[in-house]
Amino acid sequence: MFSPDLISEDRIGCGLEIASKKRLLETLAELLAWDHPRLHTEAVFERLLERERLGSTGLGHGIALPHARLKDITQVLGAFVQTTSGVDYDAADGEPVDLAFALLVPEAANEEHLRLLAHLASLFSDPSIRTQLRAADAPAAILRVLNSR
């Protein structure tokens, strides 16, 4: 179960028409920054992009977990986007990505960050969870699936 501080309906995009990896990352950056007093969309986008340059965060099966460290936050923040069709994301399996969960973590949050990434990777490795996320038609439905285990 994710805390409301990590992800809420306000930071979930559902059924979005997005055509590129860049636009997907921009959308996630907007969701992450929108209600945070010290975050700016452009800075968040740049940090996510920097991390992608180290290697794609596309896990396979249409899932991506873009993430970045930021000195401007004190707790982990998450955002989720479900797209109407997948985008080319340079994922390991070559499949387009249509589900992306982005994380911003404080610079010092090593163990928490790794634990959360492992939990998300495990969650998204479940085919039934992926199916439910793709079938969800509203942010509330997506949040219910994310919190289902």
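For the structure itself, consult the block above.
Note that the structure is predicted; figures quoted are calculated from it, not measured. (Residues numbered from 1 in each chain as written. Predicted model: local features only at pLDDT ≥ 70, side-chain atom pairs only at ≥ 80, totals over all residues. Heavy atoms only, no water.)

> Please clarify how the nonpolar core should be interpreted in this entry.
A general tendency of soluble globular proteins is for nonpolar side chains to be buried together. If you look at the biggest cluster of nonpolar residues, it comprises 27 residues, and the most contacted ones within it are Ile-7, Phe-80, Phe-101, Leu-120, Phe-124, Leu-133 and Leu-146. Ignoring sequence-local partners within four residues, the contact set of Leu-120 consists of Phe-2, Leu-65, Phe-101 and Leu-103. Counting residues in each nonpolar core, the second largest holds 26 residues, with Ile-18, Leu-49, Leu-77 and Ala-100 among its members. (Core = buried A, V, L, I, M, F, W, Y, C linked by side-chain atoms within 4.5 Å. Buried < 20%, exposed > 50% of the residue type's maximum accessible area, 1.4 Å probe, protein only. Contact = heavy atoms within 4.5 Å.)

> In this structure, what is going on with unusual backbone geometry? I would like to understand it.
Comment: phi is negative for the bulk of residues other than glycine, and the bulk of peptide bonds are trans. The phi dihedral of His-61 falls on the positive side, at around 60 degrees, and the residue is not glycine. Residue position: His-61 is located in the loop between β2 (58–60) and β3 (63–64). For Asp-90, which is not glycine, the phi dihedral falls at a positive 60 degrees. Examined against the element boundaries, Asp-90 turns out to sit in the loop between β5 (77–87) and β6 (97–106). (Helix = DSSP H or I, 4+ residues; strand = E, 2+ residues; numbered from the N terminus.)

> Could you clarify how one ought to interpret the pairing of β6 in this entry?
Burial runs high along β6: 10 of the 10 residues are buried. Of the pairings in the sheet, the one linking β3 to β6 comprises 2 bridges and is parallel in character. Across the sheet, residue Ile-63 finds its bridge partner in β6, namely Leu-99. Taken together, the 4 bridges between strand β4 (residues 67–70) and β6 define a ladder with parallel strand orientation. Bridging across to β6, Leu-70 finds its partner in Pro-106. For β5 and β6, the ladder comprises 7 bridges, and the chain directions are antiparallel. (Pairing = 2+ DSSP bridges.)

> What should I look at first to understand helix α1 (residues 21–33) in this one?
Three or four residues apart is the spacing at which side chains of an α-helix point the same way, because the helix has 3.6 residues per turn. Relative to the 18 Å expected for 13 residues at 1.5 Å per residue, α1 spans 18 Å between its end C-alpha atoms, a close match to the ideal helical length. Burial analysis of α1 places 10 of its 13 residues in the buried class, the great majority of the element. Of the surrounding secondary structure, the elements contacted by the buried residues of α1 are β1 (12–16), α2 (41–54), β5 and β6. (Expected span 1.5 Å × (residues − 1).)

> It is not clear to me how the environment of Leu-6 should be interpreted in this structure. Could you clarify?
Within the secondary structure, Leu-6 sits in the segment before β1. Remark: the alpha-carbon pair of Leu-6 and Val-76, spanning 70 residues in sequence, is separated by 6.0 Å. Filtering out sequence-adjacent residues up to four positions away, Leu-6 remains in contact with Arg-11, Val-76, Leu-77, Gly-78, Leu-103 and Leu-116.

Just distances and angles here, no functional claims.
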